Amino acid sequence: MNNKPKPDDRSNNVERLQDMVQNTIGNMERAEETMMNANSEQRQEIEEKNARRRESIAGMREEIKDEAAARENGQIEG
């Protein structure tokens, strides 16, 4: 049996990360719509979750910059 790991394919990381950012933004927007009918405890939970989502988006955007720079420098084919 051949147990070689798959090669690290980073060629589509920028696009994949951009999709993740868009999906997260969509989740935040739906959560904010839900807040209109939520009680104060639920609103607080949604606000906290969206704060974590904003942090995740910031991290993903930094990773997009890094991946795009690596692609431009020829470190990644894409």
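Each remark here, short or long, concerns the structure printed above.
A quick note: this is a predicted structure, and the numbers were derived from the prediction, not measured.

Caption draft 1: Region of the structure containing the overall build of the protein. Regarding its fold elements, the protein presents 2 helices and 0 strands. For the protein, the C-alpha atoms occupy an extent of roughly 50 × 35 × 15 Å along the three principal directions. Looking at the protein as a whole, 24% of its 78 residues qualify as buried. Long-range contacts, defined here as pairs at least 24 residues apart, represent 67% of the contacts in the protein between residues at least 6 apart. When the accessible surface of the protein is split by element, carbon and sulfur atoms take 44% of a total near 6300 Å². The averaged location of the 18 negative side-chain charges in the protein is 3 Å from the averaged location of its 13 positive side-chain charges.

Caption draft 2: How the structure looks around a negative patch on the surface. A surface patch of negative charge is lined by E29, E32, E33, E41, E45, E47 and E48. Secondary structure elements with two or more residues in the negative patch: α1 (13-35) and α2 (40-72). Per-element accounting of the negative patch gives the leading share, 4 residues, to α2. Topologically, E32 is positioned in helix α1. For E32, a relative accessible area of 41% gives the class partly exposed.

What counts as what
- Residues numbered from 1 in each chain as written.
- Predicted model: local features only at pLDDT ≥ 70, side-chain atom pairs only at ≥ 80, totals over all residues.
- Heavy atoms only, no water.
- Helix = DSSP H or I, 4+ residues; strand = E, 2+ residues; numbered from the N terminus.
- Buried < 20%, exposed > 50% of the residue type's maximum accessible area, 1.4 Å probe, protein only.
- Contact = heavy atoms within 4.5 Å.
- Areas by Shrake-Rupley, 256 points an atom, 1.4 Å probe, with all protein chains shown as cover.
- Lys, Arg positive; Asp, Glu negative; His and termini not counted.
- Charge placed at Lys NZ, Arg CZ, Asp CG, Glu CD.
- Patch = residues over 30% accessible without salt bridge, like charges linked within 9 Å, V, L, I, M, F, W, Y side chains within 5 Å.
- Salt bridge = Lys/Arg side-chain N within 4 Å of Asp/Glu carboxyl O.

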